[in-house]
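# A look at the structure
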2 protein chains.
Amino acid sequence: MAPPDTARPTQNGDALAALRGLVADDMAEVNHLIIEYMQSPVSLIPELASYIVASGGKRLRPLLTLSAARMCGYEGADHWRLAAAVEFIHAATLLHDDVVDESDLRRGKATANAVWGNQASVLVGDFLFSRSFQLMVNTGSIDVLRILSEASATIAAGEVLQLTTAGEPATDIADYMQVIEGKTAALFAAAAEVGAVIAGRSPPETEALRTYGMELGIAFQLVDDRLDYDADQAALGKTVGDDFREGKVTLPIIIAYQNGTAQEQAFWKRTIGDGNVSDDDLEEAQRLLLKYDSLAETGRVAARHATAAASALALFPRNAYRQALEDVASYCIARAY
Amino acid sequence: MAPPDTARPTQNGDALAALRGLVADDMAEVNHLIIEYMQSPVSLIPELASYIVASGGKRLRPLLTLSAARMCGYEGADHWRLAAAVEFIHAATLLHDDVVDESDLRRGKATANAVWGNQASVLVGDFLFSRSFQLMVNTGSIDVLRILSEASATIAAGEVLQLTTAGEPATDIADYMQVIEGKTAALFAAAAEVGAVIAGRSPPETEALRTYGMELGIAFQLVDDRLDYDADQAALGKTVGDDFREGKVTLPIIIAYQNGTAQEQAFWKRTIGDGNVSDDDLEEAQRLLLKYDSLAETGRVAARHATAAASALALFPRNAYRQALEDVASYCIARAY
């Protein structure tokens, strides 16, 4: 399928919308597969799955698979299956992230899976995860199964590492980068790479798309971490302070903690560490992040990764898909989504 | 590898020990793979995984894969990978079964994952599940990936169905059979089937081993359900009454409920249904199960499935493996393990 005429990649407009436009027909096929594969005679499964898949929102990961495959000239149907598979892996991780421990209820996270409870969230996540492998099997490609099963293991390891760094503002930046490479960037990387793999592209090209996805995923997560403290974004539908109230250790916190006075470090230990957060604490957190330029620095790190993502595509011939993927990387930095 | 001379399948002795003896060398390789694939730089992963895999115990499912492959004359190394893969799927489901909801704490289940908590159990389960697919990928066989990814989806669906029948003593027997086919028998079936698949056997033979595993799994679960109420087994290390205290609806309960008086049904609704269990209730439950011959009837249903399991092997040439697999099915009925 040639790029539709409506494709007009923008320099700094809504690059994501442009990318979406390029693969709109493909995405419609993906959505059909998603609906088909979440069915089960056990009615709680489609009920809960449609809740999470519908609210999953941006469909960023399947977008990467579809556009990577198309940029590589792929014309078959397997990119739909793989796009649905990566979305299912993402949905399963969202469901499993919702699982809470008793001790976490004080952080106010319990609402996430309040509707169905821990057990149902876990089991329906397992179902979607299994379905993602069935979708991969239906491509007949052992290579994509290798890439996505490794990505799944990396995601789980990243999430476990995040668990062990939770509440520890003295976390190393290197450990934190490993967390986000695992929990976010590994799936972005695999999602992009498999697009090139099913198109039968050479190792340098599959590796380039993997790098694109990895760097984009890191940038994306860092921007997300920054937005959580950026009051200006509140008007755009983001809730500010969720990470703070949940005791999540993110790059802005680590920077402020490393540079902070003993008194400031005590503040981070009480809030992020012990979960002892009062109403005024978010304002104080934001003041400290400003004092140490943490949010801007996080943005600069994100920008470097976004630039690396765009650069990785240099070995591909210029076409509308490549342009849109580059624009998404640039736009990621200024994003309000 | 020819069956070792020490193979002496017994008619009604410890058939499981005989089967273990036949594939002891294979199992040693499987144990190496299990250790290797549970490693991670994130130290909580091997720590938690070794706890569950070590306590996983009987290694029944890998035993099926190994002996099915050997019965079919398989001589390669992929049966080790698949045996480790099915054990990892089993371990992941155990970890995910440990996840509790707040509302379940009253049933005393919280101890199961008390050491590390819900979140770690879920994420390490996800890690092992991903690793199981990496092991399958390393066999290079799309067919085994198809079989085991479908089994995984069936397991998850069976567990969700169990969740929706929990606390409902009026559950249909057909629904209950679907639960145990999903949560237990589907993995037994796949574990046995893939042994024939990697040996390159014909569809009737792979199907026969699938049937063997399915019927054995059903029999195994029914015997397990019976043992939970069988006081005579307490001396053998089983804790009697766990299912009762957890409000699990099993075949003995369903039979007693269906045949019970209104007063007796009220008893099951209060205990199994509402989780309102006092110290004397287990004794009353056992009295009602005896009154309606529920345990013996459960045993008879199990015996029929065990017979069907053994019969399914008729199309294979007689050898020590076939004999041991048949004996395991017979012995399952009288088992104390």
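As shown above, the structure is provided for reference.
These notes cover the structure that comes with them. (Residues numbered from 1 in each chain as written. Chains lettered and ligands numbered in written order. Predicted model: local features only at pLDDT ≥ 70, side-chain atom pairs only at ≥ 80, totals over all residues. Heavy atoms only, no water.)

### Comments concerning the overall build of chain A
Secondary structure summary: chain A contains 15 helices and 0 strands in total. Burial statistics for chain A: of 337 residues in total, 60% are counted as buried. A fraction of 76% describes how many contacts in chain A between residues 6 or more apart in sequence connect residues 24 or more apart. Accessible surface computed for chain A: about 12700 Å², of which carbon and sulfur atoms make up 50%. (Helix = DSSP H or I, 4+ residues; strand = E, 2+ residues; numbered from the N terminus. Buried < 20%, exposed > 50% of the residue type's maximum accessible area, 1.4 Å probe, protein only. Contact = heavy atoms within 4.5 Å. Areas by Shrake-Rupley, 256 points an atom, 1.4 Å probe, with all protein chains shown as cover.)

### Re the interface of chain B and chain A
Interfaces are often described in size by the accessible area the parts lose on coming together. With 45 residues of chain B at the contact, the number on the chain A side is 45 residues. In this assembly, chain B packs against chain A so that about 3800 Å² is buried in total across both faces, 70% of it on carbon and sulfur atoms. Summed over the shared surface of chain B and chain A, the number is 0 salt bridges. The interface formed by chain B and chain A includes 8 residue pairs in polar contact (both at pLDDT 80 or more). Within the residue set of the side of chain B that touches chain A, elements represented by two or more residues are α3 (44-55), α6 (118-137) and α7 (142-165) of chain B. In terms of residue class, the side of chain B that touches chain A is made up of 22 nonpolar, 14 polar and 9 charged. (Buried area = accessible area lost by both parts, 1.4 Å probe. Salt bridge = Lys/Arg side-chain N within 4 Å of Asp/Glu carboxyl O. Polar contact = N/O pair within 3.5 Å; in protein donor to acceptor, adjacent residues only side chain to side chain. Nonpolar A, V, L, I, M, F, W, Y, C, P; charged D, E, K, R; others polar.)

### Observations concerning the relation of the copies chain B and chain A
When chain B is brought onto chain A, the operation consists of a screw motion whose angular component is 180 degrees and whose axial shift is 0.0 Å, with 0.0 Å RMSD remaining. Here the two chains are linked by the operation of a two-fold rotation axis. (Least-squares fit on C-alpha atoms with pLDDT ≥ 70 in both.)

### Thoughts on the side chain of Arg226 of chain B
The residue Arg226 of chain B is located in helix α9 (residues 203-227) in this model. Beyond its immediate sequence surroundings of up to four residues, Arg226 of chain B is in contact with Pro252, Leu295, Thr298, Gly299 and Ile333 of chain B.

### Quick notes on the environment of Ala28 of chain A
Residue and element names in this part refer to chain A. Relative to the assigned elements, Ala28 resides in helix α2 (residues 24-37). Exposure remark for Ala28: the relative accessible area of 36% places this residue in the partly exposed category. C-alpha of Ala28 to C-alpha of Ile255: the two residues are 227 residues apart in sequence and 42 Å apart in space.

### Details of helix α12 (residues 262-273) of chain B
Residues and elements named next belong to chain B. Inspection of α12 places Glu264, Phe267, Trp268, Thr271 and Ile272 among the buried residues, and these make up the whole buried set. One side of α12 holds all its buried residues, which, seen down the axis, span an arc of 95 degrees. In α12, those exposed residues whose orientation departs by more than 90 degrees from the buried face are Ala262 and Gln263. Looking at the residues trailing α12, positive phi occurs at Gly275, about 70 degrees. (Arc of directions from axis to C-beta.)

### Observations regarding helix α6 (residues 118-137) of chain A
When the terminal C-alpha atoms of α6 of chain A are compared, their 29 Å separation across 20 residues agrees well with the 28 Å that a helix rising 1.5 Å per residue should span. When you tally the buried positions in α6 of chain A, you get 20 out of 20 residues, the bulk of the element. (Expected span 1.5 Å × (residues − 1).)

### Section: the packing of aromatic side chains
Residues and elements named next belong to chain A. On inspection of all chains with the given rule, the structure shows 14 aromatic pairs over all chains. With a centroid separation of 5.4 Å and 35 degrees between ring planes, the pair formed by Phe188 and Phe220 is classed as tilted. Here the residue Phe188 occupies a position in helix α8 (residues 173-198), and Phe220 occupies one in helix α9 (residues 203-227), the gap between them amounting to 32 residues. Phe220 matches Phe188 in its accessibility class, with the two residues each being buried. Ring centres of Phe244 and Phe267 lie 6.4 Å apart, and the angle between their planes is 20 degrees; on these two criteria the pair is classed as stacked. Taken together, the positions of Phe244 in helix α10 (residues 242-245) and Phe267 in helix α12 (residues 262-273) put the pair 23 residues apart, joining distant regions of the chain. (Phe/Tyr/Trp six-rings, centres within 6.5 Å; stacked < 30°, edge-to-face > 60°.)

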